[in-house]
Amino acid sequence: MRILLSNDDGIDAPGLRALAAALAPVAELFIVAPATEQSAVGHAITMRDPLKVRKWHRDDEFFGYAVSGTPADCVKIALCTLMKRPPDLVVSGINQGANLGTDIIYSGTVSAATEGTLLGVPSIAVSVNCYERTARFDTAARVAATLAADVPGMKMPRGTLLNVNVPNVAYEELKGWRLTSQGRSKFVENYIRRIDPRGTPYYWIGGKFVETDEPAHADYLAVKHGFVSITPLHFDVTDYSFLHASKARLERMFNRAPRTRRR
Ligand code: MN
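First things first, this report covers the structure right here in the doc. What you see is a predicted model; the values in this text were computed from it and never measured. (Residues numbered from 1 in each chain as written. Predicted model: local features only at pLDDT ≥ 70, side-chain atom pairs only at ≥ 80, totals over all residues. Heavy atoms only, no water.)

### Examining the overall build of the protein
Phase 1 of the analysis: What the protein contains, in helices and strands, is six helices and eleven strands.
Phase 2 of the analysis: Principal-axis analysis of the C-alpha atoms gives the protein an extent of 75 × 60 × 40 Å.
Phase 3 of the analysis: The buried share among the 263 residues of the protein stands at 45%.
Phase 4 of the analysis: If you take every contact in the protein between residues at least 6 apart in sequence, the share linking residues at least 24 apart comes to 75%.
Phase 5 of the analysis: Of the roughly 14900 Å² of accessible surface on the protein, 54% is carried by carbon and sulfur atoms.
Phase 6 of the analysis: Between the averaged position of the 32 positive side-chain charges in the protein and that of its 27 negative side-chain charges there is a distance of 11 Å. (Helix = DSSP H or I, 4+ residues; strand = E, 2+ residues; numbered from the N terminus. Buried < 20%, exposed > 50% of the residue type's maximum accessible area, 1.4 Å probe, protein only. Contact = heavy atoms within 4.5 Å. Areas by Shrake-Rupley, 256 points an atom, 1.4 Å probe, with all protein chains shown as cover. Lys, Arg positive; Asp, Glu negative; His and termini not counted. Charge placed at Lys NZ, Arg CZ, Asp CG, Glu CD.)

Take a look at the structure:
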């Protein structure tokens, strides 16, 4: 099996190192990751600047390619140019910090995996529920290795990726695995206002994760209760229930105006 690894914490992140260590025994790895941390850049790509691709060494050995761009840039350039043929799987992570609920839209980790599926390769995003460098990346790496072995047999629909969040505990302490839906919990922002050395005010985003009323199958609840959360995601964000419930009524409403004018 051949696997493309990427992330949003950067090529030197401990989560990527743990992921590579866990997958190297079972797959041929190709690593393309941002040269610098790109957390919360979402699905941005670089258009106004050139992309620089640099060979990156770790412990005197070639590790992968560092790209002067975003996570989506990394997967795009890997699949479109750097790799001679497409891999069997894209794994993005392991992110330092969970990607749950409404966070998903900001997540560079999830976007790298989304880019993989947009380009036709089965993809998974893996995050560990801890924002410190001391996170249990080893546990999440074992989860990723298990999934990497199972994904080819899963018959995932084209365009669907798996968003995986792992509790920050030892592997033996995991309660199990849950298939979940994207929840509603989110960070509530608070902006800190300070004054720079030249007297100009600036703002810095902060915030804390707020638990909202969640459906029983929500991603956040699974992780909170010690389970690995696996949420199948796809890029089509159409609100089908609203579309089907309101299509006829709204089309009648919007089409009325021009017709009256013509008369
Ligand atoms: Mn990150």
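From this point on, the discussion continues.
### What about the nonpolar core?
Phase 1 of the analysis: L5, V91, V126 and V164 are the most contacted members of the largest nonpolar core, which has 36 residues in total.
Phase 2 of the analysis: Non-local contacts of V91, meaning those with residues more than four positions away in its chain, are made with I3, L4, L5, S6, L19, L23, I124 and V126.
Phase 3 of the analysis: Counting 13 residues, the second largest nonpolar core, distinct from the first, contains V32, V67, C74 and V121. (Core = buried A, V, L, I, M, F, W, Y, C linked by side-chain atoms within 4.5 Å.)

### Re the state of the cysteines
Phase 1 of the analysis: Going through the model one piece at a time under the given rule, you end up with zero disulfides.
Phase 2 of the analysis: C74 takes part in no disulfide bond, and the closest cysteine sulfur, belonging to C80, lies 12 Å away. (Disulfide = S-S within 2.5 Å.)

### Some words on the sheet that holds strand 6 (residues 123–128)
Phase 1 of the analysis: Read across the sheet, nine strands follow the order 3-4-2-1-5-6-7-11-8 without closing on themselves; strand pairing throughout is mixed. One side of each edge strand has no neighbouring strand; the edge strands of this open sheet are strand 3 (53–58) and strand 8 (176–179). Sheet twist, expressed as the average angle between the axes of neighbouring strands with direction ignored, equals 25°.
Phase 2 of the analysis: Pairing of strand 3 with strand 4 (residues 61–67), which is carried by six bridges, proceeds in the antiparallel orientation. By the bridge assignment for strand 4, V53 is matched with V67.
Phase 3 of the analysis: Across the face of the sheet, helix 1 (residues 14–23) comes into contact with strand 1 (2–6), strand 2 (28–34), strand 3, strand 4 and strand 5 (89–96) while running at roughly 135° to strand 5.
Phase 4 of the analysis: Sheet contacts for helix 4 (residues 137–154): strand 1, strand 5, strand 6, strand 7 (160–166), strand 8 and strand 11 (227–234); angle to strand 7, the most-contacted strand, approximately 155°. (Pairing = 2+ DSSP bridges. Axes fitted to C-alpha atoms, helices over the stretch in contact; angles between N-to-C directions.)

### Remarks on the coordination of the manganese ion
Phase 1 of the analysis: With distances of 2.1 to 2.3 Å, the protein atoms coordinating the manganese ion are D8 (OD), D9 (OD), S39 (OG) and N95 (OD1).
Phase 2 of the analysis: As a motif over one chain, the donors of the manganese ion read D-D-x29-S-x55-N. One end of the pair, D9, is in the loop between strand 1 and helix 1; the other, N95, is in strand 5, with 86 residues separating them in the sequence. The pair formed by D9 and N95 is uniform in burial state, with each residue classed as buried. (Donors = N, O, S within 2.8 Å, 3.2 Å for Na, K, Ca; no water.)

### Remarks on the packing of helix 2 (residues 71–82) against helix 3 (residues 108–118)
Phase 1 of the analysis: Contact geometry for helix 2 and helix 3: axes closest at 7 Å, N-to-C directions at 25°. One finds that helix 2 runs roughly parallel with respect to helix 3. Handedness of the helix 2/helix 3 crossing: right-handed. Residues P71, A72, V75, K76 and L79 of helix 2 touch helix 3, and the partners they reach there are G108, A112, E115 and G116.
Phase 2 of the analysis: Its residues assigned to classes, the contact of helix 2 with helix 3 comprises five nonpolar, two polar and two charged. (Parallel < 35°, antiparallel > 145°, perpendicular 65-115°, else oblique. Left-handed = near helix turned anticlockwise from the far one by under 90°. Nonpolar A, V, L, I, M, F, W, Y, C, P; charged D, E, K, R; others polar.)

### Side note on the packing of helix 1 against helix 4
Helix packing geometry: the angle between the two helix axes and the distance between the axes.
Phase 1 of the analysis: At a minimum axis distance of 9 Å, the contact between helix 1 and helix 4 shows a crossing angle of 45°. Relative to helix 4, the element helix 1 lies oblique. For the pair helix 1 and helix 4, the crossing hand works out as right-handed. From helix 1, P14, G15, A18, L19, A22 and L23 reach across to helix 4, where they touch F137, A141, A144, A145 and A148.

### Description of helix 2
Phase 1 of the analysis: P71, A72, D73, C74, V75, I77, A78 and L79 are the residues of helix 2 that are buried.
Phase 2 of the analysis: Its buried side turned inward, helix 2 meets strand 1, strand 2, strand 3, strand 4, strand 5 and helix 3.

Read these as layout, nothing more, since geometry by itself doesn't imply function.
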